[in-house]
Amino acid sequence: MDCTLTKPISIQSFSRSIAADGRAIIARADGGRWRFFVQSSELALIDIEQQGTLGSFKSKQRYIAAQSAIEIQGQGAVEIHCNNLSSSTAADVETWNAEYLPGGLEPVYFAEDGLTTPASAAYGAMGSFGGYPAPFTNHCRLYVSAQVRLKAIAPNGNEIFLSGVQAVDERYFIDLDTPQGYKFEIRESVSGSGINYGLVWYRD
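The sections below set out a description of the structure shown in this document. In this text, all values refer to a predicted model and were calculated from it rather than measured experimentally.

**Describing the sheet that holds strand β16 (residues 183–188)**
Spatially, β10-β16-β12-β13 is the arrangement adopted by the four strands of the open sheet, whose pairing is antiparallel. Bordering the open sheet on either side are β10 (124–125) and β13 (159–165), each of which pairs with just one other strand. Relative to β13, strand β12 (residues 148–153) is paired through six bridges, and the arrangement is antiparallel. Each bridged residue has a counterpart across the sheet, and for lysine 151 the counterpart in β13 is leucine 162.

Now the structure itself:
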């Protein structure tokens, strides 16, 4: 008779108020399969540290835009930390332990219609989330009624992308990688009263 005792797998998630420029553990698992929802009130960087018999592996990292959320899943022992990237405001970070999805994370779509760029060729935040991707998304398709200019701003404040949307097959659209934590701005190419556009944010 096998009397071996199996230790229950522990999967934990925590909600934290993380001080400006602070760091805190927000989830951990000592094995098994896990999935977590994480949302933050401030721009944050998530460190996912897999634990092995020889120690910790290099962290996988994911940004979360302010007032946004991400979903992560995996298996095995892990510790997940959150770094508040605001130097002035505490971040309210909430984490939920959810059921693992064997087929992988499900697709996410969020459509926005009836948007207009600022007049006089001024840059404005792209979309309805302050220029950041919709929660849980990391790509978008942008549809415009005329040529526009785009730029992206990295989490450290540097401008790292500048491009225009050109006509393709008599349509104006562009597919963009829009990772959480990167801010996108849009303007009309020629000064006028603004250009109408629409967005479909998605996660592949």
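Having seen the model, we can carry on.
**Some points on the side chain of glutamate 185**
Structurally, glutamate 185 is set in strand β16. Residue classification places glutamate 185 among the buried positions, given a relative accessible area of 14%. Glutamate 185 has contacts with Tyr123, Gly124, Ala125, Met126, Arg149, Leu150, Lys151 and Ile153, leaving out every residue within four places of it along the chain.

**Regarding the packing of aromatic side chains**
For the structure on display, the rule yields six aromatic pairs. Measuring from ring centre to ring centre gives 6.4 Å for tyrosine 143 and phenylalanine 173, while their planes differ by 45°; the resulting arrangement is tilted. On the criterion of sequence distance, the pair formed by tyrosine 143 in strand β11 (residues 139–144) and phenylalanine 173 in strand β15 (residues 171–177) is long-range, its members being 30 residues apart. You can call tyrosine 143 partly exposed: its relative accessible area is 37%. A cation over an aromatic ring shows up here: lysine 151 above the ring of tyrosine 123, its NZ or CZ 4.5 Å from the ring centre.

About the thresholds
Residues numbered from 1 in each chain as written. Predicted model: local features only at pLDDT ≥ 70, side-chain atom pairs only at ≥ 80, totals over all residues. Heavy atoms only, no water. Pairing = 2+ DSSP bridges. Helix = DSSP H or I, 4+ residues; strand = E, 2+ residues; numbered from the N terminus. Buried < 20%, exposed > 50% of the residue type's maximum accessible area, 1.4 Å probe, protein only. Contact = heavy atoms within 4.5 Å. Phe/Tyr/Trp six-rings, centres within 6.5 Å; stacked < 30°, edge-to-face > 60°. Lys NZ or Arg CZ within 6 Å of the ring centre and 35° of its normal.

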